[in-house]
Structure formats: structure tokens, C-alpha cells
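# Structural characterization, general
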Amino acid sequence: MHQDLTACRDLLGDFIAYDTVSDRSNLAMIGDLAGRLETIGARVEVLEDETGGKANVFASLGPEGDGGLVLSGHTDVVPVADQTWASDPFEMTEHEGRLYGRGSCDMKGFIAACLVMAPRYAAGELNRPLHFAFTYDEEVGCFGALALAQTLTRKGLRPAAALIGEPTSMRVIDGHKGCNEYTTRFTGLAGHGSTPDKGVNAVEYATRFVSRLMALQEALRKRAPDGSRFAPPWSTINVGGFHGGVAHNVIPSEAQVEWDFRPVQDADETFVKDDVEDYIARTLLPAMRSVYPEAKITTEAIGEIRGLIPADPNEARDIVLALTGANETGTVAFGTEAGIFQSLGMSAVVCGPGSIEQAHKADEFVALDQLSSCLEMLEGLGRKLMA
């Protein structure tokens, strides 16, 4: 086990104790992170959102300028409501080589490992900038990372590579699909079920919309890119929720469809969005408004997470392969902030301690040997940056 494992374990306990569920403030944890990084001499910025209730921290060591390496993790966690835990989810417990607590693997374990190694980085002569990017609201749409991307663009700062420490069991991941979540709402005209021609049935039009999504789902199968490494290899659509209606004999005036779309390529995102917009504008709305001119269909983007596209060259991937000793990369089904960093022109890779199988569940845990492996990787990174 790594010599700094005890310090990492203790620090993880401190971070788990911060209740940073996405609907709450993360400022206490951000303040802690900022203070620790300032203490070792890092150049630290706390970047609050427009509400002042949440923030990113972006800190830098080594020389100033472009070409740096980013270590990134999100501070928010998913709720514990309606889950049965064996212990307090916001008080870390240890049992048989596992550290239990909300966020232990997703992804405060990686953040703790970064903070434990940070003083070593600060004490050396780094040959390129090293940045720490710890964000808010990843779990509900990557809003913190999107805000950070805007900040970096505004500043004109161009790091070259990013390592996102999501739980991959320390596997090196260079690709994942995007994840776009939408809610489409239908407003029609209520009426008596005995005279359907005098109303506009929102559920009926929502059903037609779902049928269109299912047709698009089949069309996407035929658009799978040659050599796609994803499983399944094509972009997917899922209808996760359908709500509407008040009684058997009432024409419903409101309906709602909740759906997600996971593209494997940018062209598919354009294909789906254009088709959906055209179908609504040219087919559904004219039919609804022929009876009720005030009928509406609106689509709200709950979150649009960019995919991480496997790419060559990829400096971040190559660095982490060398540090871990792995000889292959993989892809995953879950989304991360990596695609946002890639969109800024950085190479990006995902590799971190713990398994996604434990994330979001009751009794979430990270194994001590996983944290140890992460510390070894980060220690090796320090040696590389000081060579």
C-alpha cells in the first residue's frame, strides 16, 4: 500500500462529511479545498455561480501559461433519499479494506488523492503548469465544468491535457458517449371525452412524439460509425418518463415526455435535433393549432453532456497509460466532464479509483487498494512533471 494512504483516507473522511448533494451548496468543501491549496502556494481562484451558493475552484502550480495538465473532479454527489444505508452516508466508515460513504468513489476519493499529493508537486520544480479543477453540479448536467470552460476561454488559458478521475477501477478510458436529457411538454385544450374533436389531446400528441423518437432510435442503428468502440456502437434514445391525463373521460390538456439521447458522434446530435424540431414545427403544432391556436410544445434541455471521442493523438491517454502500466484503453457508458475539456482543444482521459458499480447506490464505497493505486499514479505524474 502507498505510504500516503493513511493521510488520503483521513482526508477522504473530511470530504465525505460535507453534504454536497447537488441541490445544496458546495461552498464549505470548496473553501476547504481552496484553503489547503493556498497553504502550499498554489494560485487559487474560487469561481462562484450566479446564485453565489455554489462554486468551482481552479488552482495552479508551476510555471504560468498554456500547455498545462489539469486534474479534475466534481465535488457534488447524488442524493441518499430513499436509500437504506448501513451507516450514516456522510460519516466515513471502514470495513474489510473498504471506505464507505456518499461520494467515496464518485468522486471524492480522487480529489482526496490529488490533495494529498499536491504538497509534493508544490515542493518540486514543475516543468509545465499543473492545474486542479474541482467543480459543482456534474451530477445534474456538468454545469460547473461548463462554467469553468467559459472562464478558461475568457482568460485565454489553454491547458493541453486533462485527467478526470471518475471511478473506472483505475482502467484507462478514452471514450464515452454524450448524454443529453430533455423534457418535452405539450399544452393542448381540455374537454369532454365524448367530443374529442373539440379538444386538443396533449397525451395523443405526446404519444405521436414518442413514436417519432422510436423511429429515430431505429434510424440511429443504421448510422453506427465504422469501427465504433461503444456498446452498443450506435447512438441511442430512451424514453424515461411519460405523464399526462386526469381521468378516463377528460381530454387531457397537458402531457410531458422525459427522454435522453446518447450520441456517439456529433453528426447524430444534429440529425436528431433537426428531425425533432422539424416534426414538431411542421406536423404536430400545425395539427394542434388548427383546433386551438394557443397550443404549445416546448422542449427543455435538462443537461447536455458532451461525449469523449476517442482520438489520436491523445497526450493525456498516453501519459496515464505509461503511469499505470496499462497497455489498452476502454470506453464506458456513463458520462463525465471529459468531453467538455476535449471541446476546449485538450486531450482528455478518464481514470480514477473505485468502480462505477458502487456509485449512486446505498453503501457506496472505494477500496483502499484502489486509492493506493491512484496515489501511485499521481506520484508518478509528479516525477514526470519534474523530470
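Above this text you will find the structure in question.
Please read these numbers as outputs of a predicted model, since none were measured by experiment.

## Concerning the overall build of the chain
- Along the backbone of the chain there are 9 helices and 17 strands.
- Dimensions of the chain along its principal axes, counting C-alpha atoms only, are 75 × 45 × 40 Å.
- Within the chain, the fraction of its 387 residues that count as buried is 50%.
- Residue pairs at least 24 apart in sequence account for 81% of intrachain contacts in the chain once pairs closer than 6 positions are excluded.
- On the chain, roughly 16800 Å² of surface is accessible, and the fraction owed to carbon and sulfur atoms is 49%.

## Description of the nonpolar core
- Of all hydrophobic cores here, the largest spans 55 residues; its most connected members are Phe132 and Leu378.
- For this core, the element with the highest residue contribution is helix 3 (residues 104-123), accounting for 12 residues.
- What Phe132 contacts, discounting residues up to four positions off in sequence, is Leu37, Val57, Phe58, Ala59, Leu61, Leu71, Cys114, Ala118 and Tyr121.
- The next biggest cluster of nonpolar side chains, apart from the first, holds 25 residues, and it includes Ala202, Trp259, Leu284 and Ile297.

## What to know about the sheet that holds strand 9 (residues 179-187)
- Here 4 strands make up an open sheet; going across it, the order is 11-13-9-14 and the pairing antiparallel. Each of the sheet's edge strands pairs with one partner strand only, and the pair in question is strand 11 (236-244) and strand 14 (296-305). If you compare each strand with its neighbour and ignore which way they point, the axes differ by 15° on average.
- Lying on the sheet, helix 6 (residues 266-289) is in contact with strand 9, strand 11, strand 13 (254-262) and strand 14; it crosses strand 14 at an angle near 165°.

## Considering the packing of aromatic side chains
- Per the counting criterion, the structure on display carries 6 aromatic pairs.
- Plain terms: the ring middles of Phe209 and Trp259 are 6.0 Å apart, the flat faces sit at 70° to each other, and that makes the pair edge-to-face. Of the two residues, Phe209 is situated in helix 5 (residues 202-221) and Trp259 in strand 13; the sequence distance between them amounts to 50 residues.
- A relative accessible area of 5% means that Trp259 is categorised as buried.
- Aromatic ring contacts, followed pair by pair, group Tyr182, Phe186, Phe209 and Trp259 into a single cluster.
- Across from the ring centre of Phe271, 4.2 Å away, lies the NZ or CZ of Arg223, which sits over that ring.

## Topic: helix 6
- For helix 6, which comprises 24 residues, the first-to-last C-alpha distance of 33 Å matches the rise-based estimate of 34 Å (1.5 Å per residue) to within 8%.
- For helix 6, the set of buried residues is Asp268, Val272, Asp275, Val276, Tyr279, Ile280, Leu284, Leu285 and Met288.
- Those residues of helix 6 hidden inside the fold are in contact with strand 9, helix 5, strand 11, strand 13 and strand 14.

Rules behind the numbers
- Residues numbered from 1 in each chain as written.
- Predicted model: local features only at pLDDT ≥ 70, side-chain atom pairs only at ≥ 80, totals over all residues.
- Heavy atoms only, no water.
- Helix = DSSP H or I, 4+ residues; strand = E, 2+ residues; numbered from the N terminus.
- Buried < 20%, exposed > 50% of the residue type's maximum accessible area, 1.4 Å probe, protein only.
- Contact = heavy atoms within 4.5 Å.
- Areas by Shrake-Rupley, 256 points an atom, 1.4 Å probe, with all protein chains shown as cover.
- Core = buried A, V, L, I, M, F, W, Y, C linked by side-chain atoms within 4.5 Å.
- Pairing = 2+ DSSP bridges.
- Axes fitted to C-alpha atoms, helices over the stretch in contact; angles between N-to-C directions.
- Phe/Tyr/Trp six-rings, centres within 6.5 Å; stacked < 30°, edge-to-face > 60°.
- Lys NZ or Arg CZ within 6 Å of the ring centre and 35° of its normal.
- Expected span 1.5 Å × (residues − 1).

In short, the description is geometric, and any link to function would need to be established separately.
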